[in-house]
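Inside the fold
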Amino acid sequence: MRPPKSADRFLSWFCQGKLLEEVKGDLHESYRIERAHKRRWHANMIYWYEVLHFLRPFAMKGKRKNSKKTIMYKSYLKFAVRNVLKHKATAIMNVLSLGVGIACFIFIFIYLKGELSYDRFHHDADRIYRVVIDFVDSNQRRLPDATTPPALAPALKRDFPEVASSVRLYPNWGRKFLLGASNNNKFHEEGLIYTDSTFFDVFSFPAIYGDTQNALAYPDQMVITRSAARKYFGKEDVVGEVLTMYGGKNETFRISAVLEDVPVHSHFKFDFLLKISRQNLEQDWGWYNYYTYIKLSPGADVANLEVKFQPFYESYQNEQENHNIIYSQALTDIHLKSNLKWELEANGDMNNVYIFAILAVFVLVVSCINYLNLTVAESYKRFKEVGIRKVFGAYKKSLIALFMIETLLIISISLVVGSILSELLFKYLGEILGREISLLQPENLGIFLGICLVVLVTGIIAGLFPALHLSSFKAALAVKGIFNRAGRSALGLRKGLLVIQFAISAFMIFGTIVVYRQLQYMKNADKGFLPEQVMVIENAKSIKNQEAFKTELLKVANIPAASLSSGVLGGLNWTRTLGYPDGFVMNLFDIEPEFIETMGLEFVTGRNFSRERPTDVQGLTIVVNETGLRELGMTHEDVGKSLPLASQNDSITTYGKVIGVVKDFHFTDFKKEIKPFAFFYRERPMDYLNLKVSAGNLSETLVAIEDIWYDFTDGIPMKYTFLDQTFADLHAREKRLSDIILCLTILALFIAFMGMFAIANMTVKDRLKEIAIRKVLGASVTGISNMVTKKFLLLVLVANVIACPVAYFTMQKWLEGFAYRTSLGLALFLVAIGSTLLVTWTTVGFRVLRAAFSNPVKNLRPE
Amino acid sequence: MKGTQLGEFEELVLLIVGVLFPEAYGLGIRQEINDQTGRKVAIGAIHSALNRLESKGYLKSELANATHERGGRRKRLFHITVAGKRALEKNHEIRNSLWNQIPDLAWKRLSYDKSI
């Protein structure tokens with residue numbers, strides 16, 4: 001029951017003696033009270049907090065203005081400032097390299113904090129779970145999937161007393177809704193989620209107007225966000241207003257509540273919430289299109305619940321045809337640890353978080369080493385100063401204090417520089433990060449102060465060595481200007497530190513190249529189809545006569561092909577269990593015959609759909625990719641035969657004919673193996689219109705297309721994307737990683753070479769006389785520069801030898817995450833090693849050559 | 001430099017000292033403030049206010065007997081001085097007089113706003 005001794009000692013140290021008794025008494029008494037119902041660490045923290053609150057002028061020991069100590073520290077500060085001003089170049093270099101390192105560190109940690117804080121804004125976020133069901137096909141292969149049937153959520157609530165509330169989400173599934181407050185104020189919206197009235201029991205999205213309690217009680221109610229309200233009504237308090245959903249029935253919805261905009265750290269985002277109003281969902285266990293979230297009652301143990309899920313789920317399934325696996329995920333783990341099919345939004349990756357954290361520490365370490373190196377290198381200049389101080393009676397302790405104050409001064413300046421730099425980084429890299437960040441945002445202020453503390457502590461540790469080193473000189477020797485053993489061992493240390501710095505830099509260069517190569521590989525790899533110059537119109541359903549529209553389009557010179565489809569390659573497709581006797585999940589969508597040409601798909605065998613053949617038009621034939629054919633258990637000989645395609649309850653339900661096989665193509669990211677894909681042929685209006693646009697004047701073509709578009713629609717804006725962009729988005733995460741790593745690598749290299757340059761500078765200055773004498777005796781410029789450069793090159797070579805194997809294994813591990821990947825060749829090593837050597841050679845060489853070219857008389861005359 | 005103005009927090013502390021008579025000491029005052037107003041304050045803030053009030057002459061204090069909960073340390077007990085009482089009275093009067101000067105119409109207007 002005793003409060004922490006360290007806090008007490010601290011209190012006694014600063015608190016006035018006459019106050020100490022009552023203050024300590026109060027604090028101890030309060031500690032006892034807190035301790036009665038709080039954990040030890042918590043009570044201790046509160047105790048510390050209270051103690052720190054006594055750091056007020058009234059309680060502190062009277063420090064008289066002219067006490068010896070005050071004067072001394074003041075003079076130390078003065079010396080520190082003078083010294084910094086005297087060695088401006090070194091000081092600037094120190095501040096810059098430290099500042100850059102600190103900026104990187106702050107930048108990454110604030111970014112990571114954002115990544116880690118996903119979904120934590122909900123009340124009791126630790127009690128909220130998502131329940132998901134992985135598909136298992138009859139070959140026992142597990143296909144992770146985030147979606148669940150609509151009957152699951154109500155059943156969970158009904159069957160388990162531990163489940164306090166459950167809610168379903170039904171997102172737009174790629175559909176766009178045309179909403180409007182009036183006829184001339186319509187927008188296409190994607191951020192629409194259908195959900196249950198229990199939505200607000202599970203999630204906490206605060207309302208600014210209206211009451212969330214009954215906000216989704218009736219199917220004609222709608223909840224919207226603040227920015228959506230602004231967009232449609234120009235004001236925020238819009239409870240009671242009406243929004244219309246155009247198309248079909250022109251449904252109207254009354255707005256029941258206005259929410260704050262969804263925080264960026266939410267794994268799903270929306271602008272509109274509607275009530276699920278479909279009938280008979282409570283019995284539907286077969287339609288996997290809903291997301292299920294549950295909130296447990298306080299004190300319920302998820303592990304206990306988890307074991308009951310599988311029997312519970314199976315009790316609702318008829319027979320043994322289905323071996324799917326049901327389990328739950330903590331809400332706060334979804335963003336970083338879940339990577340299922342059909343996630344509501346592209347998630348982050350825990351591995352990238354680790355990579356970034358390591359990089360941040362690397363950069364900070366490199367810059368601290370740099371500081372250490374520069375300071376130790378400079379120390380010989382202060383040899384005499386230390387000697388004189390010692391002669392006049394300075395203690396070792398006070399010398400250390402002097403040097404530490406200098407360190408603190410430099411670090412404080414660097415911290416300011418670093419903060420400003422990182423703020424700039426946030427500004428310019430917001431694009432890469434995908435969101436806006438600032439140090440001044442209240443949620444970041446705390447962590448920023450934490451980082452400052454970390455930096456200060458690291459800096460002080462880095463400054464401790466030079467301080468100890470400098471203060472250890474022997475007075476007599478120092479005054480005479482004789483280097484003792486300490487001086488030489490410091491040289492060895494400097495070399496060692498340089499090697500570490502360069503090893504880290506080489507490692508980062510290597511990593512950057514590998515990530516970049518993999519990106520290039522994915523960009524240039526044969527995808528099996530040609531996404532370049534394919535434009536996809538996403539709201540083709542709005543066209544009144546799609547056939548006529550296509551005919552008009554094909555008259556435009558730059559459009560060689562156009563075709564409708566019900567999905568987008570690399571964007572959106574449907575799935576269905578196919579295969580007999582063993583079912584598996586087949587990806588599919590409907591197309592027209594021209595789709596093959598538009599996409600540049602290649603036939604391996606068989607034929608394309610034909611508009612003339614009745615069986616094709618009736619939809620009894622399919623075209624599959626090679627993987628699809630293999631999964632169906634067919635060979636090339638089976639193409640063209642009518643074979644059973646799907647079964648239910650052991651009876652064949654679907655016969656079909658595979659008429660053609662196309663070459664495998666990538667429609668997911670390169671991390672996954674190519675999946676089976678099938679095309680069906682339907683003649684009906686479809687959502688997507690794919691256009692091949694040949695190179696040439698793109699904007700002119702676009703104008704032509706839009707002209708035709710407005711002839712065929714009633715004023716709805718055309719929505720389109722380019723397929724190669726869709727495909728690039730699949731690899732947005734890798735692109736982001738590569739961009740950030742590149743930035744950091746450049747910075748780390750920059751810091752390392754500043755250190756290198758400074759040390760080269762020092763070495764050359766030390767040897768100016770030697771160089772001059774050698775020159776007088778006839779040494780050539782190249783000979784002299786080689787003599788000095790050689791040693792540095794050797795150091796960098798050693799650094800590379802250390803870094804390369806480590807980098808090789810790390811990056812190999814990273815690449816293993818991709819099903820399709822580039823290889824790590826010898827050339828990669830050569831580039832990494834070569835570039836460090838080259839830069840070293842130029843930095844050091846530049847400095848040496850200047851010395852070698854100078855007139856020897858100039859350097860020999862003084863003294 | 002020290003004025004005789006009574007700050008908001010100081011006034012609160014001074015009143016609580018009166019309420020707790022004769023057992024007013026640092027931690028007890030904090031407890032009372034929390035109970036009566038729901039405000040959470042650090043012990044340091046209380047001590048600082050007490051210190052200021054004492055130097056302004058509004059409070060007097062003496063050390064009481066040691067108790068076990070405090071590890072054998074004595075508490076400092078505070079009580080209000082005549083000057084303290086006068087300062088409180090003055091504040092009270094000013095407040096009452098200002099309150100009485102607010103025209104009734106101002107309150108009527110409020111209830112009108114609400115009904116809209």
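Residues numbered from 1 in each chain as written. Chains lettered and ligands numbered in written order. Predicted model: local features only at pLDDT ≥ 70, side-chain atom pairs only at ≥ 80, totals over all residues. Heavy atoms only, no water.

The name recorded for chain B in an unreviewed UniProt entry is Helix-turn-helix transcriptional regulator, from Agaribacillus aureus.

Threshold: UniProt positions are given in the numbering used here, feature names are shortened, and annotations may be inferred rather than shown by experiment.
Within an unreviewed UniProt entry, the label attached to chain A reads ABC transporter permease, and the organism entered is Agaribacillus aureus. In UniProt, chain A has this text filed under Subcellular location (unreviewed entry): "Cell membrane".

**Structural notes on the nonpolar core**
Residue and element names in this part refer to chain A. Convention followed: Think of a nonpolar core as a cluster: buried Ala, Val, Leu, Ile, Met, Phe, Trp, Tyr and Cys residues, connected wherever their side-chain atoms sit within 4.5 Å. Buried means the residue's accessible area, taken with a 1.4 Å probe over protein chains only, is under 20% of the maximum for its type, while exposed means over 50%, and partly exposed covers the values in between. What counts as a helix is a DSSP run of H or I of at least four residues, what counts as a strand is a run of E of at least two, and both are numbered from the N terminus. Residue ranges assigned to each domain were obtained from an automatic or database domain assignment. Whether two residues touch is decided by their heavy atoms; if any such pair falls within 4.5 Å, the residues are in contact.
With 111 residues, the main nonpolar core has Leu569, Leu601, Phe665 and Phe679 as its most contacted residues. Ranked by residues supplied to this core, first place goes to helix α16 (residues 485-524) with 15 residues. The residue makeup of this core includes at least three contributed by each of domain 3 (484-525 + 728-863) and domain 4 (534-727). Setting aside anything within four residues of it in sequence, one finds Leu569 in contact with Phe529, Phe589, Phe595, Met599, Phe665, Phe667, Phe677, Phe679 and Leu723. Ranked by size, the runner-up nonpolar core spans 49 residues in total, among them Val262, Phe268, Tyr291 and Tyr327.

**A closer look at the packing of helix α2 (residues 17-37) of chain A against helix α2 (residues 26-37) of chain B**
Rules: Axis definition: a line fitted to C-alpha atoms, over the contacting stretch in the case of helices. Angles run 0 to 180 degrees between N-to-C directions. Each angle gets one of four labels, with under 35 degrees taken as roughly parallel, over 145 as roughly antiparallel, 65 to 115 as roughly perpendicular, and the rest as oblique. Charged residues are taken to be Asp, Glu, Lys and Arg, nonpolar residues to be Ala, Val, Leu, Ile, Met, Phe, Trp, Tyr, Cys and Pro, and polar residues to be all remaining types, Gly included.
Where α2 of chain A contacts α2 of chain B, the two axes come as close as 8 Å, and the packing angle between them is 45°. Classified by the angle their axes make, α2 of chain A and α2 of chain B are oblique. Every residue of α2 of chain B that contacts α2 of chain A at Asp26, Glu29, Ser30, Ile33 and Glu34 of chain A is listed here: Gly26, Leu27 and Arg30 of chain B. A per-class count over the contact of α2 of chain A with α2 of chain B returns 2 nonpolar, 2 polar and 4 charged.

**Considering the UniProt feature "domain: Transcription regulator PadR N-terminal" (unreviewed entry) in chain B**
UniProt feature "domain: Transcription regulator PadR N-terminal" (unreviewed entry): in the numbering of this structure it lies at residues 23-90 of chain B. The distance separating the terminal C-alpha atoms of residues 23-90 of chain B is 25 Å; by composition the span is 50% helix and 25% strand.

**Concerning a nonpolar patch on the surface**
Let me state the cut-off plainly: Patch membership needs two things, relative accessible area over 30% and no salt bridge, and members are linked within 9 Å if like-charged or within 5 Å if nonpolar (Val, Leu, Ile, Met, Phe, Trp, Tyr). The method behind every accessible area is Shrake-Rupley, applied with a 1.4 Å probe, and residues are considered shielded solely by the protein chains displayed. Salt bridges are defined as contacts in which a side-chain nitrogen from Lys or Arg sits within 4 Å of a carboxyl oxygen from Asp or Glu.
Among the surface-exposed residues, Val416, Ile420, Leu421, Leu424 and Tyr428 of chain A lie close enough to one another that they form a single nonpolar patch of about 500 Å² accessible area. Here Val416 of chain A is to be found in helix α13 (residues 396-433).

**Section: the packing of helix α11 (residues 350-378) of chain A against helix α14 (residues 442-471) of chain A**
Residues and elements named next belong to chain A. Our working definition: In this scheme, a crossing is called left-handed if the near helix is turned counterclockwise away from the far one by less than a right angle; it is called right-handed if the turn is clockwise.
Closest axis-to-axis distance for the α11/α14 pair is 9 Å, and the angle between their directions is 25°. On the basis of their axis angle, the class for α11 and α14 is roughly parallel. Both α11 and α14 take part in a crossing whose hand is right-handed. Facing Leu364, Cys368, Tyr371, Leu372, Thr375 and Val376 of α11, the residues of α14 in contact are Val455, Thr458, Ala462, Gly463, Phe465, Pro466 and His469.

**Re the interface of chain B and chain A**
Rules: Each polar contact in these results corresponds to two N or O atoms within 3.5 Å; when the atoms are within protein, one needs to be able to donate a hydrogen and the other to accept it, and residues that are neighboring in sequence are counted only if both atoms are side-chain atoms.
Each partner contributes residues to the interface: chain B has 18 residues there, and chain A has 21 residues. Along the contact surface separating chain B from chain A lie 3 salt bridges. At the boundary of chain B and chain A, one finds 7 residue pairs in polar contact (both at pLDDT 80 or more). If you list the elements that add at least two residues to the side of chain B that touches chain A, you get α2, α3 (43-55) and β2 (73-80) of chain B. A total of 6 residues in the side of chain B that touches chain A trace back to one element, the largest contributor, which is α3 of chain B. Of the residues contributing to the side of chain B that touches chain A, the split by class is 5 nonpolar, 6 polar and 7 charged.

**Points about the UniProt feature "transmembrane region" (unreviewed entry) in chain A**
All names here are of chain A. The UniProt record annotates "transmembrane region" (unreviewed entry) at residues 91-112, 353-372, 399-426, 447-468, 497-516, 740-760, 792-811 and 823-844. The straight-line gap between the two end C-alpha atoms of residues 91-112 is 31 Å; of that span, 100% is helix and 0% is strand. The straight-line gap between the two end C-alpha atoms of residues 740-760 is 30 Å; of that span, 100% is helix and 0% is strand.

**Quick look at unusual backbone geometry**
For the peptide bond that leads from Phe21 of chain B to Pro22 of chain B, omega is 5°, which places it in the cis range. Following the sequence through the fold, Pro22 of chain B ends up in the loop between α1 (8-19) and α2. Here Asp124 of chain A, not a glycine, exhibits a phi torsion of approximately 50°, which is positive. As for its placement among the helices and strands, Asp124 of chain A is situated in the loop between α5 (88-116) and β1 (128-136).

**Brief notes about the domain arrangement of chain A**
Residue and element names in this part refer to chain A. As a reminder, the rule being used: The term buried area refers to how much accessible surface (probe radius 1.4 Å) is lost by two components on association, counted for both of them together.
When the domains of chain A are assigned, the result is domain 1 (5-59), domain 2 (141-322), domain 3 (484-525 + 728-863) and domain 4 (534-727). Between the C-alpha centres of domain 2 and domain 4 the distance comes to 31 Å. Across the interface of domain 2 and domain 4, roughly 800 Å² is buried in total on both sides, 54% from carbon and sulfur atoms. Run the count over domain 2 and domain 4 and you get 0 salt bridges. Counting across the interface, domain 2 meets domain 4 through 0 residue pairs in polar contact (both at pLDDT 80 or more). Its residues assigned to classes, the side of domain 2 that touches domain 4 shows 3 nonpolar, 2 polar and 4 charged.

**Focus: the pattern of salt bridges**
Note on pairing: side chains with opposite charge can pair once their charged atoms come close. Residues and elements named next belong to chain A. The tally for this structure, following the rule as stated, stands at 36 salt bridges over all chains. Here Glu385 makes a salt bridge to Arg389, at a shortest N to O gap of 3.2 Å. In this pair, Glu385 and Arg389 both sit in helix α12 (residues 383-391), 4 residues apart, roughly one turn of the helix. Residue class for Glu385 comes out partly exposed when judged on its relative accessible area of 26%. With a closest N to O distance of 3.0 Å, Arg767 and Glu770 form a salt bridge. Exposure remark for Arg767: the relative accessible area of 17% places this residue in the buried category. Members of the salt-bridge network, linked through shared partners, are Glu547, Lys550, Glu592, Glu594, Arg611 and Glu683.

**Thoughts on helix α8 (residues 226-233) of chain A**
Residues and elements named next belong to chain A. The test is simple: Along the arc lie the directions from the helix axis toward the C-beta atoms.
When we look at burial in α8, the residues that qualify are Ala228, Ala229, Tyr232 and Phe233. Looking straight down α8, one finds that the buried residues subtend no more than 100° of arc, so they occupy a single side. Contact partners of the buried residues in α8: β4 (177-180), β5 (186-189), β8 (221-225), β9 (242-246), β10 (251-259) and β11 (272-275).

**Some words on α12 of chain A**
Residues and elements named next belong to chain A. Looking only at α12, the buried set comprises Phe383, Val386, Gly387 and Arg389. Down the axis, α12 shows its buried residues gathered within 165° of arc, on one side only. Relative to its buried face, α12 has exposed residues pointing more than 90 degrees away, namely Lys384 and Val391. Gly393, located one to two residues past α12, shows a positive phi value of around 100°.

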